[in-house]
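# Residue-level structure breakdown
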Amino acid sequence: LLKMDDVTAKIPVLITTGMLHFSADLQDYLLTRFINVAHTSISTTALVALINQTLSLANQADSLYFGGRTLPILVVEDSEDIRENLTTVLRLEGYRVITANNGQEALDRVSRADFCLILLDIDMPVMNGYEFLSAYNLQLRPHTPVIITSSHQDLWSYTVPLFVVGELPKPFTL
């Protein structure tokens with residue numbers, strides 16, 4: 001399932017199992033997807049070596065790192081035009097970008113992956129930006145810095161969590 005989701009498809013996987021043998025075809029398949037197998041009787045030294053080998057192969061295929069940056073930016077925007085424009089500009093600058101159409105999708109994304117920055121619209125369907133911030137603030141994990149992209153004039157009249165580091169007022173020029 002990890003390999004079928006675009007967000008997690010390129011994450012290296014290490015399987016620990018009691019099975020002693022896999023067919024050559026299955027082993028080849030697993031390696032092409034950066035999946036390595038450690039048998040439960042493996043030593044700690046061998047396990048660390050296998051982890052390093054798996055990460056090295058993924059790194060050589062640019063699956064772990066992109067432009068020297070390890071974490072993507074999450075763009076949360078319901079306007080397809082703005083979302084695509086932000087994504088294009090950020091990718092041209094060398095960043096990896098993951099997108100979400102609303103706060104609920106964003107909440108799902110941040111619960112499964114880490115990001116270096118979240119660009120967050122406020123006015124969205126399903127779950128708006130304020131609802132996202134409230135739900136995200138309740139998570140017990142470290143919070144990614146958030147920059148709010150909004151046309152709201154009274155944005156700072158609301159209490160926002162400390163991980164909100166700034167605002168990019170709309171309309172803005174890319």
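Here the structure is shown first, and the text comes after it.
Residues numbered from 1 in each chain as written. Predicted model: local features only at pLDDT ≥ 70, side-chain atom pairs only at ≥ 80, totals over all residues. Heavy atoms only, no water.

Right, let's get into the overall build of the chain. Of the regular secondary structure elements, the chain holds five helices and seven strands. Traced from its N-terminal end to its C-terminal end, the chain shows the element sequence β-α-β-α-β-α-β-α-β-α-β-β. A total of 174 residues make up the chain; the buried ones form 37% of that total. Residue pairs at least 24 apart in sequence account for 52% of intrachain contacts in the chain once pairs closer than 6 positions are excluded. (Helix = DSSP H or I, 4+ residues; strand = E, 2+ residues; numbered from the N terminus. Buried < 20%, exposed > 50% of the residue type's maximum accessible area, 1.4 Å probe, protein only. Contact = heavy atoms within 4.5 Å.)

This brings us to the pattern of salt bridges. Evaluated as defined, the whole model comprises one salt bridge. Between Arg-109 and Glu-105 there is a salt bridge; the shortest N-O distance is 3.9 Å. Taken together, the positions of Arg-109 and Glu-105, both in helix H4 (residues 103-112) and four residues apart, correspond to about one turn of that helix. With a relative accessible area of 18%, Arg-109 lands in the buried category. (Salt bridge = Lys/Arg side-chain N within 4 Å of Asp/Glu carboxyl O.)

Quick look at the environment of Ala-106 now. Within the secondary structure, Ala-106 sits in helix H4. Look at Ala-106 and you get buried, because its relative accessible area is 0%. In the structure, Ala-106 is positioned 30 residues away from Val-76 in sequence and 6.4 Å away in space, judged by C-alpha atoms. Those residues in contact with Ala-106, other than ones at most four positions away along the chain, are Leu-74, Val-76, Ala-100 and Phe-132.

The strand order across the open sheet formed by five strands is E4-E3-E5-E6-E7, and the pairing between neighbours is parallel. Every other strand in the sheet has two partners, leaving strand E4 (97-100) and strand E7 (164-169) as the edge strands with one partner each. Pairwise comparison of adjacent strand axes, ignoring direction, gives a mean angle of 20° for this sheet. As paired elements, strand E5 (residues 117-121) and strand E6 (residues 146-150) share four bridges and run parallel to each other. Considered in E6, the bridge of Leu-120 is made with Ile-148. (Pairing = 2+ DSSP bridges. Axes fitted to C-alpha atoms, helices over the stretch in contact; angles between N-to-C directions.)

Its identity as a non-glycine residue notwithstanding, Val-126 has a phi of 70°, on the positive side. Its location among the elements puts Val-126 in the loop between E5 and helix H5 (129-137).

Glancing now at the nonpolar core. Among soluble globular proteins, nonpolar side chains are generally buried collectively. Formed by 23 residues in total, the largest nonpolar core has its most connected members in Leu-74, Ile-118 and Phe-132. The set of elements that each furnish at least two residues to this core consists of strand E3 (73-76), E4, H4, E5, H5 and E6. No other element matches the four residues that H5 contributes to this core. Setting aside chain neighbours within four positions, we find Phe-132 in contact with Gly-103, Ala-106, Leu-107, Val-110, Ile-118, Leu-120 and Met-127. Grouped together as the second largest cluster of nonpolar side chains are seven residues, Ile-73, Val-97, Leu-117 and Leu-119 included. (Core = buried A, V, L, I, M, F, W, Y, C linked by side-chain atoms within 4.5 Å.)

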